[in-house]
Amino acid sequence: MPGGPPMDDWDDPGSLASAPTPVPSARPPGRHASGARRSEPDQDQPKAPASGKHKHFWRELLIIVVAAAALTLLIKAFVVQVYKIPSASMENTLQINDRVLVNKLVYHFRGIARGDVIVFSGQDSWGPDAAPPSSDPIVRLWDDVLSDIGLQSSQTFYIKRVIGLPGDRVACCTDGKLTVNGVPLNETSYLYPGDQPSFAFKTVTVPAGHVWVMGDHRSDSEDSRYHLSDPGQGAIPESEVVGRAFLIIWPPSQLRDLPIPSTFSQAALRSGPAGAALVGASTVGGGALAAVAALPVGVSAGAAGVIGTPLLLLRRRRAR
């Protein structure tokens, strides 16, 4: 109205149509007025279904199981194997049903030593010899694979103590003792209580490539003395030796190592060719022998690393 007081814009109905458009906020999307970013779910990356996680878990678990089985077979075939004692021929050193660990690598680093407890096959010596291989090449290949990994064998295995090496002269008895190269052995530390070292037998010269073996329970052991008419005159071929028994692992009450008795360390025993060769191996190959002794620990650590890697990967994936 003329002469009236001026009207504010908000009181003017016509000013609503001409009101300025609100200016959008200059803040970037996703931030509050205070500047903090809101945590919003990523709509472009949907969560993996629970069934997919289960599939990954079972797949990786299968890989771990297969890897562990493969390592076990490799160790059994080439490094160390468990054998069960079937008879009393090595009492009291070894009892029936004891389990021993046999090192299959040791004789790649040193020669067989007098006093070693060894596992060997009766093939080409005491017998019984294995049956001839199958005429079917597929069956023969399968049998070879199972035999190589230690799951099957048609051979008979024995466990005895080495008394004589190639070229040694073994005889009994001098003053009631077994002799090697004329040197009497003091066997009281390992002979079965009450047993004599042996019945009397003439001097036997151990053939090249063979070893003379006897059980610690002499009155209950059919050993080299009873196979004089067999190939090797009772001695067994070195090529048929599987390895050295070095540790009793079962039962727990029997847990202990199987060292070489001190009587085999007599200097007089080392005067022959075999003894001289053994001294050289002990002197020159000290590092190799230490490596062999550490093998079970190294293999176990390696196996743990290989098997543990998938586990670490699995945990890492879950942590993401």
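Note that the structure is predicted; figures quoted are calculated from it, not measured.

A few words now on the side chain of N181. Considering the arrangement of structural elements, one finds N181 in the loop between β6 (177–180) and β7 (183–184). Each residue touching N181, except ones within four places of it in the same chain, is listed here: R114, G167, D168, R169 and L269.

Applying the stated criterion across every chain yields a total of 6 salt bridges. When the shortest N-O distance is used, the salt bridge between R161 and D216 registers 2.8 Å. Within this pair, whereas R161 is found in strand β4 (residues 157–164), its partner D216 is found in the loop between β9 (210–214) and β10 (236–237), the two being separated by 55 residues in sequence. For R161, a relative accessible area of 2% corresponds to the buried category. Ionic pairing is found between E187 and R218, a salt bridge with its closest N-O pair at 2.7 Å.

Turning our eyes to something else, we now look at the sheet that holds β7. Spatially, 4 strands are ordered β7-β6-β5-β8 in an open sheet, and the strand pairing comes out antiparallel. Single-partner strands in this sheet number two, and they are β7 and β8 (201–205). Examined bridge by bridge, β6 and β7 share 2 bridges and lie antiparallel to one another. Residue pairing for β7: V180 is matched across the bridge by V183.

Relative to the helices and strands, F201 resides in strand β8. On the accessibility criterion, F201 (11% relative accessible area) is buried. For F201 and A171, which are 30 residues apart along the polypeptide, the C-alpha to C-alpha distance reads 6.2 Å. In this view, F201 contacts V170, A171, C172, L178, W212 and R225; residues no more than four positions away in its chain are not counted.

We now examine the side chain of S221. You can see S221 is positioned in the loop between β9 and β10. Since its relative accessible area comes to 3%, S221 is described here as buried. Contacts of S221, omitting those with residues within four sequence positions, involve S89, K160, M214, G215 and Y226.

Here is what the cut-offs are and how they apply
- Residues numbered from 1 in each chain as written.
- Predicted model: local features only at pLDDT ≥ 70, side-chain atom pairs only at ≥ 80, totals over all residues.
- Heavy atoms only, no water.
- Helix = DSSP H or I, 4+ residues; strand = E, 2+ residues; numbered from the N terminus.
- Contact = heavy atoms within 4.5 Å.
- Salt bridge = Lys/Arg side-chain N within 4 Å of Asp/Glu carboxyl O.
- Buried < 20%, exposed > 50% of the residue type's maximum accessible area, 1.4 Å probe, protein only.
- Pairing = 2+ DSSP bridges.

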